[in-house]
Amino acid sequence: MSVALITGASSGIGMEFAQQLAQAQEVDEFWLVARRKDRLEALAASLPVPCRVIVADLACEDGISALKTALEAEKPSVKWLICAAGFGVFGNYAQVPEKQVLGMIDVNVKALVRVTYMTIPYMPAGGHVLEMGSGSCFTPLPNFNVYASSKAFVLHFGKALRYEVKKQKLTVTVFCPGWVDTEFLGLAQPEGANGPKSMKPLLKVEPIVKKAIRACRRGRVMCVTNWYTKMQHVLFKILPDCILTKLWLKMQRNA
């Protein structure tokens, strides 16, 4: 039984990956992982492929254990692993509660690594791993510090993992979109924090996910979406952090 395993599948980018990969009919079953059971069940009912709903909070040990137990019991052939679970919170060190700080590290970093490592043994040659990076991963970002730092980890982790699994003929792609028109931005803005209420340009989720899937199939190590984010990526390689930080802070004030 071939499987596409998608974390963060209940909304946004994760949901879009499920919808587009289901249309391709490359696998026998989808494993949809997220916290919100009602949304997962609604998504499963809408897809033209059999689905297994795994309700799990990957920030908690019980959530990780639930997925690990399912893998060990079924021993599926995982053709696609999409690690799209994650969240971010705007605000400086004094504004973001410790629970959310640790939650970003637990989900964006620890859970991503653990899910990836527990799934790779079940992936056949030709399998694809997509790790959810961000356009925020290329430089330090005040008032978005922990999120951006967690995504910088993901970028380095994915690039290195690519070489570790090369003999198994697996591909690893780090997906680095810019600001996407999903619920992320609304949830990322806590009351009283310094982050912007909105960021532009906002990207539509359907075309960027289509581009990411194409990048995976071509074996690309990284997928940076639009011209604006690509320009940022290039500038981050050339300009010193102090200049980039001032530009970022100015963009926040303008937003």
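Thresholds, definitions, all that
Each chain has its residues counted from 1, running along the sequence as written. Two thresholds apply to this predicted model, a pLDDT of at least 70 for residue-level local features and 80 or more for giving and counting side-chain atom pairs, whereas whole-chain, interface and lining totals are computed over all residues. Side-chain numbers come from the whole structure's heavy atoms, not from hydrogens or water. Exposed residues in this analysis have more than 50% of their type's maximum accessible area, buried residues have under 20%, and partly exposed residues fall in between, with area computed by a 1.4 Å probe over protein chains only. Runs of E in the DSSP output that reach at least two residues are strands. Runs of H or I that reach at least four are helices, and both are numbered from the N terminus. Arc, as used here, means the arc of the directions from the helix axis to the C-beta atoms. Contact definition: two residues touch when any of their heavy atoms are within 4.5 Å. Here, a strand pair is defined by DSSP locating no fewer than two bridges between the strands. Angles run from 0 to 180 degrees between N-to-C directions of axes, and those axes are lines fitted to C-alpha atoms, restricted for helices to the stretch in contact.

A. Region of interest: helix H2 (residues 37-46). If you check which residues of H2 are buried, you get Leu40, Leu43 and Ala44. For H2, the arc enclosing every buried residue in end-on projection is 100°, short of the 170-degree limit, so these residues lie on one face. H2 presents Asp38 and Ala45 as exposed residues on the side facing more than 90 degrees away from its buried surface. Here the buried face of H2 lies against helix H1 (12-24), strand S2 (29-34) and strand S3 (51-55).

B. Local environment of the sheet that holds S2. Strand order in the open sheet formed by seven strands is S3-S2-S1-S4-S5-S6-S7, with parallel pairing between adjacent strands. Each of the sheet's edge strands pairs with one partner strand only, and the pair in question is S3 and strand S7 (222-224). Across the sheet, the axes of successive neighbouring strands diverge by a mean angle of 20°, strand direction being ignored. The sheet contact formed by strand S1 (residues 2-7) and strand S4 (residues 77-83) spans six bridges and is parallel. Note on S4: the bridge partner recorded for Leu5 is Leu81. Of the strands in this sheet, S1, S2, S4, strand S5 (128-132) and strand S6 (171-176) touch H1, which is tilted by about 175° from S2.

Taken by themselves, the reported measurements are silent on function.
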